[in-house]
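# Commentary on secondary and tertiary structure
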Amino acid sequence: MTNPYFLMASLYLFVALLAALDASFTSFNLLAWFQGIRWLRVHFITLGMMTEVLFGVLPLLAAARAGKPRPPLRWDIWLTLNVGLVVLLAGIPSINGTLILTGGMLIFAAAALLGGQLWRMRSGGSGGYNSSVKFYVTGLAYLLLGITVGTGLWLGWSGPLRIRVPLEVHIHANNWGFLSLVFAGLLMDLMPKLTGRSLATERTIGAIFWGMALGALGLVLGPWLGGALWVTVPGLLLHISATVTLVILAARALAQGQQLRTAGGWHLLMAYVWILLPVFIAPLILLGVPGFPGAGIEATAPQALIYGWVLQFGFALIPYFAARYLMEAEQPRLGGNWLSLTTVNVGSALVWASIFMVPWQGLLHGTAYLFYVAAMLPVAVQLGRMVQSKFVAADRDMLVPAGD
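In what follows, the accompanying structure is described. (Residues numbered from 1 in each chain as written. Predicted model: local features only at pLDDT ≥ 70, side-chain atom pairs only at ≥ 80, totals over all residues. Heavy atoms only, no water.)

Once that is clear, we can look at the overall build of the protein chain. Helix and strand counts for the protein chain come out as 13 helices and zero strands. Summarising its shape, the C-alpha atoms of the protein chain cover approximately 70 × 50 × 45 Å along the three principal directions. Sorting the 404 residues of the protein chain into buried and exposed places 56% on the buried side. Considering only contacts within the protein chain whose residues lie at least 6 apart along the sequence, 79% involve residues at least 24 apart. As displayed, the protein chain has an accessible area near 17000 Å², and 67% of this comes from carbon and sulfur atoms. Within the protein chain, the 12 negative side-chain charges are centred at a point lying 10 Å from the centre of the 21 positive side-chain charges. (Helix = DSSP H or I, 4+ residues; strand = E, 2+ residues; numbered from the N terminus. Buried < 20%, exposed > 50% of the residue type's maximum accessible area, 1.4 Å probe, protein only. Contact = heavy atoms within 4.5 Å. Areas by Shrake-Rupley, 256 points an atom, 1.4 Å probe, with all protein chains shown as cover. Lys, Arg positive; Asp, Glu negative; His and termini not counted. Charge placed at Lys NZ, Arg CZ, Asp CG, Glu CD.)

Moving on, we come to the side chain of Thr243. The topology assignment puts Thr243 in helix 8 (residues 229–256). The buried category is assigned to Thr243, whose relative accessible area is 3%. Not counting the four nearest positions on each side in its chain, Thr243 is found in contact with Met212, Tyr272 and Leu276.

Next up on the list: the packing of helix 9 (residues 263–270) against helix 12 (residues 338–356). Across the interface, helix 9 lies against helix 12 with an axial gap of 8 Å and an inter-helix angle of 20°. With respect to helix 12, the element helix 9 is oriented roughly parallel. Classified by chirality, the crossing of helix 12 by helix 9 is left-handed. Residues Ala263, Trp266, His267 and Met270 of helix 9 touch helix 12, and the partners they reach there are Trp338, Ser340, Leu341, Val344 and Asn345. For the contact of helix 9 with helix 12, a count of residues per class yields six nonpolar, three polar and no charged. (Axes fitted to C-alpha atoms, helices over the stretch in contact; angles between N-to-C directions. Parallel < 35°, antiparallel > 145°, perpendicular 65-115°, else oblique. Left-handed = near helix turned anticlockwise from the far one by under 90°. Nonpolar A, V, L, I, M, F, W, Y, C, P; charged D, E, K, R; others polar.)

Under the criterion given, the structure shown has twelve aromatic pairs. Among the aromatic residues, those joined into a ring-pair cluster are Phe183, Tyr272, Trp309 and Phe313. The aromatic ring of Tyr369 is capped on one face by Arg41, whose charged end is 6.0 Å from the ring centroid. (Phe/Tyr/Trp six-rings, centres within 6.5 Å; stacked < 30°, edge-to-face > 60°. Lys NZ or Arg CZ within 6 Å of the ring centre and 35° of its normal.)

As a further point, take the pattern of salt bridges. Overall, the coordinates contain four salt bridges when judged by the stated rule. Glu328 serves as the salt-bridge partner of Arg70, at 3.7 Å between the closest nitrogen and oxygen. In this pair, Arg70 sits in the loop between helix 2 (37–66) and helix 3 (75–94) while Glu328 sits in the loop between helix 11 (294–326) and helix 12, placing the two residues 258 residues apart along the sequence. The exposure class of Arg70 is partly exposed, given its relative accessible area of 49%. Salt-bridge contacts for Asp76 lead to Arg74; the nearest nitrogen and oxygen are separated by 2.9 Å. A residue is classified by how much of its surface remains accessible, and Asp76, at 34% relative accessible area, is partly exposed. (Salt bridge = Lys/Arg side-chain N within 4 Å of Asp/Glu carboxyl O.)

Shape is all these values report; function is a separate question.
As structure tokens, this is what we get:
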């Protein structure tokens with residue numbers, strides 16, 4: 001059966017491309033800015049493109065790891081997620097509380113249903129434990145928290161929940177909680193396919209899991225409590241240690257598997273530069289070191305985080321998953337090319353440069369988003385062609401009379 005998640009992912013990728021072009025023109029003062037567009041750009045990539053792919057492939061990966069048959073498509077999850085996304089993305093620019101609440105609740109329900117489906121696959125085919133599922137389910141738990149706090153941002157829930165810095169809590173739950181844990185699980189599931197060897201021993205995988213899970217908890221509780229260093233600093237150290245360990249292990253495995261001869265392998269590694277950079281700089285902000293404007297970094301760095309880390313990670317894995325699960329390729333390759341690798345990282349570097357070069361901020365932002373557009377184009381075309389080919393083949397099969 002054709003997987004509809006990839007159709008929606010390709011749709012959101014093309015929309016994200018147009019939104020990046022809009023961001024460039026807006027920065028150059030060629031188009032007028034309108035309310036809520038910054039959040040729409042981010043959500044086209046996170047809740048749109050990336051979440052569509054993750055919801056589509058996580059059950060398949062978990063089933064394969066557990067030695068179970070490929071699970072059928074859960075249409076209840078697909079419909080709940082996509083109706084929720086449409087409603088939420090309609091509510092954000094208009095700041096319509098009813099639409100935002102409805103969309104948030106539907107996405108929350110879809111994530112909870114997916115978490116339950118994955119949890120039932122936690123046991124391996126030989127009675128062992130499916131270690132990647134704990135990354136996926138814990139990541140989804142952080143997504144549920146991020147959805148709750150993010151929805152409450154627009155509806156005034158932060159006061160009753162006693163959240164001192166709700167925007168940071170939302171960002172940290174979704175990025176250092178949800179995506180960090182799920183991406184780590186993906187690397188553990190895919191590395192044997194890509195390189196012929198496991199990423200690490202079960203003991204090391206357990207250490208990475210607890211470092212990321214508890215580290216994310218500290219990074220969420222810190223802004224929740226108003227910047228409490230006694231939870232933020234340990235959380236930061238745990239998350240950095242676990243992430244650096246993960247990247248070192250992934251680099252070693254990719255090198256031994258000859259994957260660093262491809263742009264896709266470098267996409268996976270370079271993506272982590274843009275999540276590690278803000279956490280390495282965070283202590284300098286906390287200590288008030290001159291030259292590191294905390295407000296500017298907090299306002300601008302999330303853009304580079306989403307485009308440089310989340311989108312770039314997707315450049316490598318989304319075409320890979322599409323080839324594997326949509327086109328049924330036996331040996332799919334990581335996505336992206338040298339153009340996408342260069343342009344996405346130059347764009348992220350320019351976004352960071354704009355934080356420290358305020359007089360040139362508009363020019364740097366406009367140029368950065370043009371680089372992001374150039375990075376997305378080859379991947380969007382590659383994914384679009386696979387989706388088109390699959391649906392054309394499905395239409396042709398439907399027209400062939402039975403028995404021919």
